[in-house]
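Residue-level structure breakdown
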Amino acid sequence: MALFFRKIQKKNLKDPEGPKLWYPVLRSVGVVTEKELAKLLADETTLNPKEAEMAIHQLQKVLLRVMLDSKTVRLGDLGNFRLTANTEGSDTMEEVSPEKIKKINLRFLATKLVREALQKATFKPVETLNE
């Protein structure tokens, strides 16, 4: 297992007037669909692929419903899902209203276990993908 990266040249944010620098940027090499994820889950459990697919589908619905009820969802050792908002400031407390909420964002905060696992990731240039 490895994370693939590509090499891109872009402006140095610490010195915008200086020369562009090269950076490694992570690159996805595919998408795993709900159906494929269900098959992988079924291989790890006693669920059959159709049951696993239904469980994933229901989990999505329940997660959204719970978060829209102003709750944070802690998903085991994976981490927490919660909603945040981009808002517009007001001069007075009386001016604060729902119309000041401009955008809702979904945030994920990984647990320490996940963060530590991510620190052990290995990397490969995307050019080596077909090797």
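Structure first, text after, so check above.
In this report, the structure presented in the accompanying data block is examined. (Residues numbered from 1 in each chain as written. Predicted model: local features only at pLDDT ≥ 70, side-chain atom pairs only at ≥ 80, totals over all residues. Heavy atoms only, no water.)

**A few points about the side chain of E53**
The condition that has to hold: Put simply, DSSP H or I for four residues or longer makes a helix, DSSP E for two residues or longer makes a strand, and each gets a number counted from the N terminus. The classification of residues rests on relative accessible area computed with a 1.4 Å probe and restricted to protein chains. Under 20% of the type maximum is buried, over 50% is exposed, and intermediate values are partly exposed. Residue contacts are defined here by distance: any two heavy atoms, one from each residue, within 4.5 Å place the two residues in contact.
Among the structural elements, E53 can be located in helix α2 (residues 49-67). Of the residues examined, E53 reaches a relative accessible area of 16% and is grouped as buried. Beyond its immediate stretch of four places on either side in the chain, E53 contacts E34, K35 and A38.

**Overview of the environment of K39**
Tracing the sequence through the fold places K39 in helix α1 (residues 34-44). Note: C-alpha distance between K39 and K50 (eleven residues apart in sequence) is 8.2 Å.

**What to know about the sheet that holds strand β6 (residues 123-125)**
Rules: Two strands pair if DSSP finds at least two bridges between them. Helix axes are fitted only over the stretch in contact, all axes being lines through C-alpha atoms; the angle between N-to-C directions runs from 0 to 180 degrees.
Taken together, three strands build an open sheet; the order of strands is β2-β1-β6 and the sheet is mixed. Where the open sheet ends on each side, the last strands, each with one partner, are β2 (21-26) and β6. Averaged over neighbouring strand pairs, the angle between their axes works out to 45° when direction is ignored.

**What to know about a nonpolar patch on the surface**
To keep it simple, the criterion reads: Think of a patch as exposed residues, more than 30% relative accessible area, with no salt bridge, where like charges cluster within 9 Å and nonpolar side chains (Val, Leu, Ile, Met, Phe, Trp, Tyr) cluster within 5 Å. Working definition of accessibility: Shrake-Rupley area with a 1.4 Å probe, residue cover restricted to the visible protein chains. Throughout this description, the term salt bridge denotes a Lys or Arg side-chain nitrogen within 4 Å of a carboxyl oxygen of Asp or Glu.
Together, L64, L68, L83, I101, I104 and L106 give the surface a local cluster of nonpolar side chains, amounting to about 570 Å² of exposed area. At three residues, the largest contribution of residues to the nonpolar patch is made by strand β5 (residues 101-110).

**Notes on the sheet that holds β5**
Strand-to-strand pairing in sheets goes through backbone hydrogen bonds, with the strands running parallel or antiparallel. Spatially, three strands are ordered β3-β4-β5 in an open sheet, and the strand pairing comes out antiparallel. The open sheet has two edge strands with one neighbour each: β3 (73-75) and β5. Across the sheet, the mean angle from the axis of one strand to that of its neighbour is 30°, orientation sign disregarded. Direction of pairing for β3 relative to strand β4 (residues 79-87): antiparallel, over a ladder of three bridges. Note on β4: the bridge partner recorded for R74 is N80.

**Here we look at the packing of α1 against α2**
Filter applied, for reference: Orientation categories follow fixed angle ranges, with anything under 35 degrees roughly parallel, anything over 145 roughly antiparallel, 65 to 115 roughly perpendicular, and all other angles oblique. Each crossing gets its hand from how the near helix is turned against the far one by less than a right angle, where anticlockwise is left-handed and clockwise is right-handed.
Between α1 and α2, whose axes approach to 8 Å, the crossing angle comes to 120°. Taken together, α1 and α2 sit at an angle that is classed as oblique. Of the two elements, α1 crosses α2, and the hand of that crossing is right-handed. Mapping the contact onto sequence places E34, K35, L37, A38, K39, L41 and A42 in α1 and P49, K50, A52, E53, I56, H57 and Q60 in α2.

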